[in-house]
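Coordinate inspection notes
Chain residues, written in single-letter form:
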Amino acid sequence: MTEPAVGPRIDMEILVSLSKRRGFVFQSSEIYGGLGGFWDYGPLGVELRNNVKRAWWKAAVQERDDIVGLDASILMNPRVWVASGHVDTFADPMVDCRECKKRFRADDLEGHVAASAHGHAAEGGVARCPECGGELTEPRMFNLMFKTFVGPVEEQASTVYLRPETAQGMFVNFDNVLTSTRRKLPFGIAQIGKAFRNEITPGNFIFRDREFEQMEIEYFVKPGTDEEWHQHWVEARRNWYLGLGIRQENLRVRRLEKEELAHYAKDTYEVEYLFPMGWSELEGIANRTDFDLRRHAEFSGRQLTYYDEESGEHIVPYVIEPSAGVDRCFLAVLFDGYREETVRGEKRVLLRLHPSLAPVKAAVLPLSRHESLVPPARKVWDLLRPHWMTQYDDSQSIGRRYRRQDEVGTPYCVTVDFDTLEDQAVTIRERDSMDQVRVPIAGLVEALRERLAGV
Ligand code: ATP
């Protein structure tokens, strides 16, 4: 085995093609020409996605004693979005090229002050079109929320919005959660769910989508302890990515500049990954202060406070919000795991996925389709299916099948050969080292369980 021929800085195209070929990600409604910013997750993609979400939920809810889960609806009373500030300020500056008619986010173009936080108009001189050099229109603010209607009449009064973030579902349920769980500060609410943004320029594969999924925590703390908790969460969230095997050199934490902050934030850090297009946000960790609870109290007329027994006062908690994207994490995991190696003069592509994320944990492969091997191999497969996501494959040569499993990140292959008929044992082959060990079928589940370490 030689050193990887290609390091982490591989082309996006390589992953786009692997994703399609092997059933991770397809373009949405592809047979009709697709729809920009929308993607479908295929048979392996849905497994990897679910595993990302499961790993997050385990760290955010299951393993903690201070966070509870929630699953709020996507459509909400439209006043939620007035109170949150989204109706007024969730907008990006948009420019059009007068020549080629292409559309851009003004704050993405050179000659404008970078302002990635939504709600900041671009400033500075007008840039030229990056595609054709043509003249650009003045920036116009464009609200990113998708609108639809509730009920049979399409009129202003029945307009609702597809949520652009899951966060507000947690703020408006603050009191419900507090009273039903009798939590003490600090405590958090966690949620995973779809969010929608009519992005001006979706792109970079699944990095910037118009429909995506978020994994968010709203962590409520006593005012005055917010900065300390903010640091706690930055560290905890960074470690979560490292724990999934993301390489340290491809991960960084960046504190946003004052002018990059969203309207509600006192301070924000981003966890960023070194994608081919450069360092880009995987997750934002914001100190949202008491902005949201105060606004919802004001707009709903309901009290959203916490009774602090120590001081005998009703207080409005501050909020620390780690907000991550499932799709961006998925993409980072693929990039970070992708390797090309040369093994005995042949190229081997492999995805070094953490076992907890691998879509398939073990593949059962009879040495050949020989009639004496297929029935025992299928029996071995029957044995594993109740425990993990597994696959059975008996087409083409065993070498080709190992490569196919390497390419989708399967950590273990279990091979049934002619000796199995005599010794009732099989071979376990490990993905990264390609080491092989022989184990009795009777101890196979245990042997894999040990190797998969709690997965
Ligand atoms: P960006 O600056 O890239 O537009 P943002 O700062 O607006 O992102 P947040 O509002 O902080 O993003 O959203 C929290 C997380 O949700 C992001 O870190 C990202 O992982 C995910 N996310 C946001 N917008 C998108 C999108 N259009 N496509 C995929 N994921 C997204």
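Just so you know, these numbers come straight off a predicted model, no measurement behind them. Throughout, a residue's number is its position along its own chain's written sequence, starting from 1. With pLDDT at 70 or above as the cut-off, local features in this predicted model cover only qualifying residues; side-chain atom pairs require 80 or more to be listed or tallied, and sums for whole chains, interfaces and linings still use all residues. With hydrogens and water set aside, each side-chain value is computed from the structure's full complement of heavy atoms.

**With respect to the overall build of the chain**
Selection rule: A helix here means a DSSP run of H or I that spans at least four residues, while a strand means a run of E at least two residues long, and both kinds are numbered starting from the N terminus. Buried means the residue's accessible area, taken with a 1.4 Å probe over protein chains only, is under 20% of the maximum for its type, while exposed means over 50%, and partly exposed covers the values in between. Contacts are residue-level and defined by heavy atoms, with any inter-residue pair within 4.5 Å sufficient. Each accessible area is a Shrake-Rupley result for a 1.4 Å probe, and residues are judged covered by the shown protein chains and nothing else. The charged-residue count follows a simple rule in which Lys and Arg add positive charge and Asp and Glu add negative charge, with His and chain termini not counted at all. Note on charges: their place is set at NZ of Lys, CZ of Arg, CG of Asp or CD of Glu.
From N to C terminus, the chain includes 13 helices and 23 strands. Its C-alpha atoms put the chain at 75 × 65 × 50 Å along the principal axes. Burial status across the chain gives 53% buried among its 455 residues. For the chain, restricting intrachain contacts to residue pairs at least 6 apart in sequence, the fraction spanning at least 24 positions comes to 66%. Carbon and sulfur atoms provide 49% of the accessible area of the chain, an area that totals close to 21,100 Å². Once the 59 positive and 72 negative side-chain charges of the chain are each reduced to a mean point, those two points are 4 Å apart.

**Points about the site of the ligand**
Operational definition: Note on terminology: near, applied to a residue and a molecule or strand, indicates that one of the residue's heavy atoms is within 4 Å of it. Between N or O atoms, a polar contact is any pair within 3.5 Å; within protein, one atom must be a potential hydrogen donor and the other a potential acceptor, and residues adjacent in sequence are included only when both atoms are from side chains.
Around the ligand sit 18 residues in total, of which E199, R208, D209, E281 and L282 are the nearest. F207 places a polar main-chain atom, nitrogen or oxygen, 3.3 Å from a nitrogen atom of the ligand. Side-chain polar atom of Q214 to an oxygen atom of the ligand: 3.2 Å apart, as the coordinates give it. Mapped by element, the contributors of at least two residues to the shell around the ligand are β10 (211-221), β13 (278-289) and β16 (318-325). A per-element tally of the shell around the ligand places β13 first, with 4 residues.

**As for the sheet that holds strand β19 (residues 362-366)**
Pairing between the strands of a sheet comes from backbone hydrogen bonds, and it takes one of two forms, parallel or antiparallel. In plain terms, the rule: Here, strands pair whenever DSSP counts at least two bridges between them. Axis angles are defined between N-to-C directions and span 0 to 180 degrees, where every axis is a line fitted to C-alpha atoms and, for a helix, only to the segment in contact.
Strand order in the open sheet formed by 5 strands is β20-β19-β21-β22-β23, with mixed pairing between adjacent strands. If you trace the sheet from one side to the other, it starts and ends with β20 (390-392) and β23 (436-440), each paired once. Mean inter-strand twist for the sheet, computed between neighbouring axes without regard to direction, equals 25 degrees. Alignment of strand β21 (residues 412-416) against strand β22 (residues 425-430), held across 4 bridges, turns out to be antiparallel. Paired with C413 across the bridge in β22 is R429. Sitting on the sheet, helix α11 (residues 398-407) touches β19, β20, β21, β22 and β23, and the angle it makes with β19 is about 170 degrees.

**Topic: the sheet that holds β10**
Read across the sheet, 7 strands follow the order β3-β9-β10-β16-β13-β12-β11 without closing on themselves; strand pairing throughout is mixed. Each of the sheet's edge strands pairs with one partner strand only, and the pair in question is β3 (67-70) and β11 (251-255). Looking at each pair of strands side by side, their axes are set apart by 25 degrees on average, direction ignored. Bridge count between β11 and strand β12 (residues 267-275): 5 bridges; the pairing is antiparallel. Within β12, the position partnered with R254 by the bridge is E270. The sheet contacts of helix α9 (residues 326-337) involve β10, β12, β13 and β16, and relative to β12 the element is tilted by about 40 degrees.

**Re a nonpolar patch on the surface**
For clarity, the cut-off: In this scheme, patches are assembled from residues that exceed 30% relative accessible area and form no salt bridge. Like charges are connected within 9 Å, while nonpolar side chains (Val, Leu, Ile, Met, Phe, Trp, Tyr) are connected within 5 Å. Within this document, salt bridges are pairs made up of a side-chain nitrogen of Lys or Arg and a carboxyl oxygen of Asp or Glu, the two lying within 4 Å of each other.
A contiguous nonpolar surface patch, about 230 Å² in accessible area, is contributed by L367, F418 and L421. For L421, the position within the fold is in helix α12 (residues 418-423).

**Comments concerning unusual backbone geometry**
Cis geometry is found at the peptide bond from L185 to P186, where omega equals -5 degrees. Of note, P186 is situated in the loop between α6 (174-181) and β9 (187-196). In this model, K101 sits at a positive phi of 70 degrees, which is unusual for a non-glycine residue. Topologically, K101 is positioned in the loop between β4 (91-96) and β5 (103-105). Residue classification places K101 among the exposed residues on the basis of a relative accessible area of 62%.

**Points about the confidence of the model for the chain**
Put simply, the test is: Values of pLDDT, ranging from 0 to 100, describe the predictor's confidence in every residue of the model.
Averaged over every residue, the pLDDT of the chain is 93; residues scoring 70 or more account for 94%. Here residues 1-8 scores under 50 on pLDDT; set against residues more than four positions off or in separate chains, the count is 14 contacts. Between residues 112-124, whose pLDDT stays under 50, and residues either more than four places distant or in other chains, the model counts 43 contacts.

**Some points on the pattern of salt bridges**
If the charged atoms of two oppositely charged side chains come close together, the side chains can form a pair. Going through the model one piece at a time under the given rule, you end up with 45 salt bridges. The salt bridge involving K20 is made with E30; its shortest N-O contact spans 3.3 Å. Of this pair, K20 sits in helix α1 (residues 12-22) while E30 is found in the loop between β1 (25-27) and β2 (39-41), placing the two residues 10 residues apart along the sequence. For R49, the salt bridge goes to E213, with nearest N and O atoms at 2.5 Å. Taken together, the residues span a long stretch of sequence, with R49 in helix α2 (residues 43-62) and E213 in strand β10 at a distance of 164 residues. In the salt-bridge network here, residues are joined through shared partners; they are D92, R105, D107, E199 and R208.

**Describing the packing of helix α10 (residues 374-384) against helix α13 (residues 444-452)**
Axes are the key here: two packed helices are described by the angle between their axes and the distance separating the axes. Selection criterion: Roughly parallel here means an angle under 35 degrees, roughly antiparallel means over 145, roughly perpendicular means 65 to 115, and every remaining angle is called oblique. Left-handed describes a crossing whose near helix is turned anticlockwise from the far helix through less than a right angle; right-handed describes the clockwise counterpart.
Axis separation between α10 and α13 bottoms out at 10 Å; the angle between their running directions is 55 degrees. With respect to α13, the element α10 is oriented oblique. When you trace α10 past α13, the crossing you get is right-handed. Residues V380, L383 and L384 of α10 lie in contact with α13, whose contacting residues are L444, V445 and L448.

**So, the side chain of S19**
Locating S19 in the fold gives a position in helix α1. For S19, a relative accessible area of 0% corresponds to the buried category. Each residue touching S19, except ones within four places of it in the same chain, is listed here: F24, V25, F205 and L334.

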